[in-house]
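The primary structure of each chain is shown beneath.
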Amino acid sequence: MFMNSAYKLQLQKSASDKKKVKSKLDGLSSYSSNKVDNQLHKLHDEVFQKIDCLQCANCCKTTSPIFEQKDIDRIAKAVKMSAGSFITTYLEMDEDGDFVLQSAPCSFLNKDNTCKIYDVRPKACAEYPHTNRKRMQEILDITYENAFVCPAVSSIVEQIK
């Protein structure tokens, strides 16, 4: 299991490291979608047997998921707010027209890195870090970004052959 210091070390990437990550991910475009999915899903399973996300929670501390209307309605109901009040209190619209958190860390992150709304969390949180999705080639740009947020993704990318 990784510890906090290991997480921090893994994410401190130089410009040269970033180029290597980009090169590895770009190299996947020459393979079949099935082959890419199989390799990344296998690495995902292996890495998540070793990593405890509660030791890190960097995703919750530094980035915001996109909140779809279904997420907003579900979470607002769970926290006993109207959808409008929830949006006003916690969300803002980004440059792409998506609802995201107003600030980081996430307002729902507890001190022990657990989530106050885990059972009703946004779909984007439930699916994070997206390394076990189908058609991974379509979201390699997201994988690249997540490699500098999530130690698990960083580890997965480092192990790509």
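Structure report, in brief. Since this is a predicted model, take the numbers as computed values, not measurements. (Residues numbered from 1 in each chain as written. Predicted model: local features only at pLDDT ≥ 70, side-chain atom pairs only at ≥ 80, totals over all residues. Heavy atoms only, no water.)

1. Some remarks on the nonpolar core
Membership of the largest hydrophobic core comes to 20 residues, with the highest contact counts inside it found for V21, L25, L28, L40, A147, V157 and I160. If you list the elements that add at least two residues to this core, you get α2 (15-27), α3 (33-48), α8 (140-146) and α9 (151-158). (Core = buried A, V, L, I, M, F, W, Y, C linked by side-chain atoms within 4.5 Å. Buried < 20%, exposed > 50% of the residue type's maximum accessible area, 1.4 Å probe, protein only. Helix = DSSP H or I, 4+ residues; strand = E, 2+ residues; numbered from the N terminus.)

2. Some details on the packing of α3 against α9
With their axes 9 Å apart at the nearest point, α3 and α9 run at an angle of 130 degrees to one another. Judged on the interaxial angle alone, α9 and α3 are oblique. With respect to the hand of their crossing, α3 and α9 are arranged in right-handed fashion. Packed against α3, whose contacting residues are L40, L43, H44, V47 and F48, the element α9 presents A152, S155 and I156 at the interface. Considered class by class, the residues forming the contact of α3 with α9 number six nonpolar, two polar and no charged. (Axes fitted to C-alpha atoms, helices over the stretch in contact; angles between N-to-C directions. Parallel < 35°, antiparallel > 145°, perpendicular 65-115°, else oblique. Left-handed = near helix turned anticlockwise from the far one by under 90°. Contact = heavy atoms within 4.5 Å. Nonpolar A, V, L, I, M, F, W, Y, C, P; charged D, E, K, R; others polar.)

3. Remarks on the packing of aromatic side chains
For the structure on display, the rule yields five aromatic pairs. Between F67 and F86, the aromatic rings sit 6.1 Å apart at their centres with planes inclined by 55 degrees, giving tilted as the arrangement. With F67 in the loop between α4 (58-62) and α5 (69-78) and F86 in helix α6 (residues 83-90), this pair connects stretches of sequence that are 19 residues apart. Since its relative accessible area comes to 4%, F67 is described here as buried. On the accessibility criterion, F86 (0% relative accessible area) is buried. Note on F86 and F108: the rings are 6.1 Å apart at their centroids and 15 degrees apart in plane angle, and the pair reads as stacked. Here F108 lies in the loop between β2 (99-101) and α7 (123-127) and F86 lies in helix α6, a separation of 22 residues in the sequence. Here the two residues F86 and F108 agree in accessibility, since each one is buried. A connected cluster of aromatic rings, assembled from ring pairs, spans F67, F86, Y90 and F108. The ring of F148 has K18 sitting right over it, with the charged end atom 5.3 Å from the ring centre. The lysine or arginine in question, R121, covers the ring of Y118, its NZ or CZ lying 3.8 Å from the ring centre. (Phe/Tyr/Trp six-rings, centres within 6.5 Å; stacked < 30°, edge-to-face > 60°. Lys NZ or Arg CZ within 6 Å of the ring centre and 35° of its normal.)

4. Looking at the pattern of salt bridges
For the coordinates displayed, the defined rule picks out four salt bridges. One salt bridge connects E46 with K42, and the closest N-O pair in it is separated by 3.0 Å. Here E46 and its partner K42 are both found in helix α3, four residues apart, which amounts to about one turn of the helix. When its relative accessible area of 52% is taken as the criterion, K42 is described as exposed. (Salt bridge = Lys/Arg side-chain N within 4 Å of Asp/Glu carboxyl O.)

5. Here we look at unusual backbone geometry
The residue after A104, namely P105, is reached through a cis peptide bond having omega 0 degrees. Note on placement: P105 falls in the loop between β2 and α7. Cis geometry is found at the peptide bond from Y128 to P129, where omega equals 10 degrees. Inspection of the secondary structure assignment puts P129 in the loop between α7 and α8.

Honestly, that's just the spatial picture; any functional story needs more than this.
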